[in-house]
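Examination of the molecular architecture
Residues per chain are reported as follows:
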Amino acid sequence: MRVVIGSDHAGYDLKKELISFLQNLHLDVSDFGTDSGNVSCDYPDIALQVAKIVASDEADRGILICGSGIGMSIAANKVPGAYCALCRDQGDAELSRRHNDANILALPGRGADVDRSKDIVSVWLKTDFEGDRHVRRTQKIRAFEHSLSKSFGQKRGEIVIFDHPLVQHKVSLIRDVRTSVKDFRDLVQEISSLMVYEITRDLPLEMIDVETPLTTTKAYALAGKKLAVVPILRAGMGMMDGILDLVPNAKVGFIGLYRDPETLEPVEYYCKLPGDINEREIFILDPMLATGGSAVAAIDMIKKRGARRISLVCLISAPEGVERVHLAHSDVNIYCAALDSHLNDHGYIVPGLGDAGDRLFGTK
């Protein structure tokens, strides 16, 4: 485990003690300053540097110390992907990891009890994230960060939840049991179009010459990025047309899976993909990410055929499915319109919207 640590002048003495403590635990420790307890410095300079290192996954954990610990935690939490918890006892340290998945620990340095601080650090380092219901809550924080930055796809293996008012309004309509088959089908296509509009925000552009009725000017065009849309049969087809309306030049593949009645594992019965799938940005379409079994199998199938950059696009996700996909494929981004509470005993998402395939095609 690599740990980065930093302090201002008020936390310098405690930082020295903790560095020795961490090295005795045989951890890889990097000191990001400050270098003196006698020269005043500004805590944001250290906090932001450490937070960026941790948020970019260049280090596993970070520790920040200032007089009260408050300033460091405020500054660090301005960096997307940095989740800094100010902990004053072992209970705080444990909960910050179990429930909040904190990747940075802030400590008060002024008048600190060194042994107490070491105990806090020890508990914080050895406690794992509990997952379960806390996945949904932490993912909503990450989704809000994305909504502020409006930049997707910079980091692989994330979940992005679309909170646009139009998306959320239409999600409410498809949840409604009274929504007709036709309206349900139209709404799924509309939501898919709205989602892909944001998913493709970071596609590269190039400058081209365009002749207008008045003159020739410079304009932008997509820089040859190849896309592929791959619905999982059958429900994924309900999302396909909504996406192709915006990216009509995308190639289309299809994946067919069924669940073995004895093993309950997904079994492939059909797979047809573009021949150059290894060169394309791939969007797998599956309206409901429930247990995650079918999604993981579909990603496995596509990767075996050479694909490298894959995203999963869903309407509704369950925390159990998100966790299973990311355990199996940590490089796959998941885009969804809602992250729901849990799965029931029959594997349905709650509150969910029922069986998306049946509601799309009018079957039972």
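Residues numbered from 1 in each chain as written. Predicted model: local features only at pLDDT ≥ 70, side-chain atom pairs only at ≥ 80, totals over all residues. Heavy atoms only, no water.

Scanning the chain for helices and strands turns up twelve helices and 20 strands. In terms of overall dimensions, the chain has a C-alpha envelope of 70 × 65 × 40 Å along the principal axes. Sorting the 364 residues of the chain into buried and exposed places 49% on the buried side. A separation of at least 24 residues holds for 65% of the contacts in the chain among residues at least 6 apart in sequence. A total accessible area of about 17,900 Å² is found for the chain, and carbon and sulfur atoms account for 50% of it. Side chains of the chain carry 43 positive and 51 negative charges; the gap between the two charge centres is 3 Å. (Helix = DSSP H or I, 4+ residues; strand = E, 2+ residues; numbered from the N terminus. Buried < 20%, exposed > 50% of the residue type's maximum accessible area, 1.4 Å probe, protein only. Contact = heavy atoms within 4.5 Å. Areas by Shrake-Rupley, 256 points an atom, 1.4 Å probe, with all protein chains shown as cover. Lys, Arg positive; Asp, Glu negative; His and termini not counted. Charge placed at Lys NZ, Arg CZ, Asp CG, Glu CD.)

Let's shift gears to the packing of aromatic side chains. For any pair of aromatic rings, the description rests on two quantities: the centre-to-centre distance and the angle between the ring planes. Scanning the model with the defined rule gives two aromatic pairs in all. Seen in terms of ring centroids, Tyr258 and Tyr269 are 6.4 Å apart; in terms of plane orientation they differ by 35°. Their pairing is tilted. Taken together, the residues span a long stretch of sequence, with Tyr258 in strand 11 (residues 254-259) and Tyr269 in strand 12 (residues 266-272) at a distance of eleven residues. Across from the ring centre of Trp124, 4.9 Å away, lies the NZ or CZ of Arg61, which sits over that ring. (Phe/Tyr/Trp six-rings, centres within 6.5 Å; stacked < 30°, edge-to-face > 60°. Lys NZ or Arg CZ within 6 Å of the ring centre and 35° of its normal.)

So, about the pattern of salt bridges. Counted according to the given criterion, the structure contains 18 salt bridges. Note that Glu94 and Arg98 form a salt bridge whose closest N and O atoms lie 3.3 Å from each other. In this pair, Glu94 and Arg98 are both assigned in helix 4 (residues 90-98), four residues apart and thus about one turn of the helix distant. Relative accessible area serves as the criterion here: at 32%, Glu94 is assigned to the partly exposed category. If you follow the salt bridges from partner to partner, you end up with Glu94, Arg98, Glu130, Asp132 and Arg133 in one network. (Salt bridge = Lys/Arg side-chain N within 4 Å of Asp/Glu carboxyl O.)

This next bit is on the sheet that holds strand 1 (residues 2-7). An order of 2-1-3-5-4 is seen for the five strands of this open sheet, with the pairing classed as parallel. The sheet is open, and its two edges are formed by strand 2 (28-31) and strand 4 (84-86), each paired on a single side. The sheet shows a mean angle of 20° between the axes of neighbouring strands, direction not considered. On top of the sheet, helix 2 (residues 43-55) reaches strand 1, strand 3 (61-66) and strand 5 (104-108); it is set at about 170° to strand 1, its chief contact. Contacting strand 1, strand 3 and strand 5, helix 5 (residues 114-126) runs over the sheet at an angle of about 170° to strand 5. (Pairing = 2+ DSSP bridges. Axes fitted to C-alpha atoms, helices over the stretch in contact; angles between N-to-C directions.)

In space, the three strands of this open sheet follow the order 14-16-18, with parallel pairing throughout. Only two strands of the sheet have a single neighbouring strand rather than two, namely strand 14 (288-289) and strand 18 (338-339). Judged from the two bridges that link them, strand 14 and strand 16 (residues 316-317) form a sheet pairing that is parallel. Directly across from Met288, in strand 16, lies its bridge partner Ile316.

Quick look at the nonpolar core now. By size, the foremost hydrophobic cluster in this structure holds 38 residues, and its most contacted members are Ile191, Met195, Leu285, Val313, Leu315 and Ile316. Looking at this core, the elements with two or more residues in it are helix 7 (165-175), helix 8 (181-199), strand 9 (227-233), helix 9 (237-244), strand 13 (281-285) and helix 12 (356-361). Residue contributions to this core peak at seven residues, all from helix 8. Apart from the residues lying within four places of it in its own chain, the contact partners of Leu285 are Val229, Val230, Pro231, Ile232, Gly236, Met239, Met240, Ile243 and Val313. One finds Ala143, Ile284, Ala297 and Ala298 within the second-largest nonpolar core, a separate group that totals 31 residues. (Core = buried A, V, L, I, M, F, W, Y, C linked by side-chain atoms within 4.5 Å.)

On to the pairing of strand 1, then. The two faces of the sheet receive side chains in turn, since in a regular strand these alternate between them. For strand 1, the buried fraction is high: five of the six residues fall into the buried class. The sheet contact formed by strand 1 and strand 2 spans four bridges and is parallel. The partner of Val4 across the bridge, within strand 2, is Ser30. The parallel pair strand 1 and strand 2 is bridged by helix 1 (residues 12-24), and the resulting crossover is right-handed. (Right-handed = clockwise from strand over helix to strand, strands pointing away.)

Quick look at a nonpolar patch on the surface now. Where nonpolar side chains cluster on the molecular surface, the patch consists of Leu205, Met207, Tyr220 and Leu222 and spans about 450 Å² of accessible area. Put simply, the parts of the chain that give the nonpolar patch at least two residues each are strand 7 (205-211) and strand 8 (216-222). Among the secondary structure elements, Leu205 is positioned in strand 7. What makes Leu205 exposed here is its relative accessible area of 51%. (Patch = residues over 30% accessible without salt bridge, like charges linked within 9 Å, V, L, I, M, F, W, Y side chains within 5 Å.)

Next up on the list: the packing of helix 7 against helix 8. Close contact between helix 7 and helix 8 brings their axes to 10 Å; oriented N to C, the two are set at 155°. Considering their axes alone, helix 7 and helix 8 lie roughly antiparallel with respect to each other. Considering how the two elements wind past one another, helix 7 and helix 8 form a crossing that is left-handed. When helix 7 is examined against helix 8, the residues Leu166, Val167, Lys170, Val171, Leu173 and Ile174 are found in contact with a partner set consisting of Phe184, Leu187, Val188, Glu190, Ile191 and Leu194. A breakdown of the residues in the contact of helix 7 with helix 8 according to their chemical character gives ten nonpolar, no polar and two charged. (Parallel < 35°, antiparallel > 145°, perpendicular 65-115°, else oblique. Left-handed = near helix turned anticlockwise from the far one by under 90°. Nonpolar A, V, L, I, M, F, W, Y, C, P; charged D, E, K, R; others polar.)

Our focus in this paragraph is helix 8. With 19 residues, helix 8 should reach 27 Å at 1.5 Å per residue; the first-to-last C-alpha distance of 27 Å fits that figure. On the buried face of helix 8, the contacting elements are helix 7, helix 9, strand 13, strand 15 (309-313), strand 17 (333-336) and helix 12. (Expected span 1.5 Å × (residues − 1).)

This part takes up the environment of Arg142. Considering the arrangement of structural elements, one finds Arg142 in helix 6 (residues 133-149). Sequence separation of Arg142 and Gly352 is 210 residues, and the distance between their C-alpha atoms is 21 Å. Leaving out residues up to four positions away in the same chain, Arg142 has contacts with Tyr83 and Asp101.

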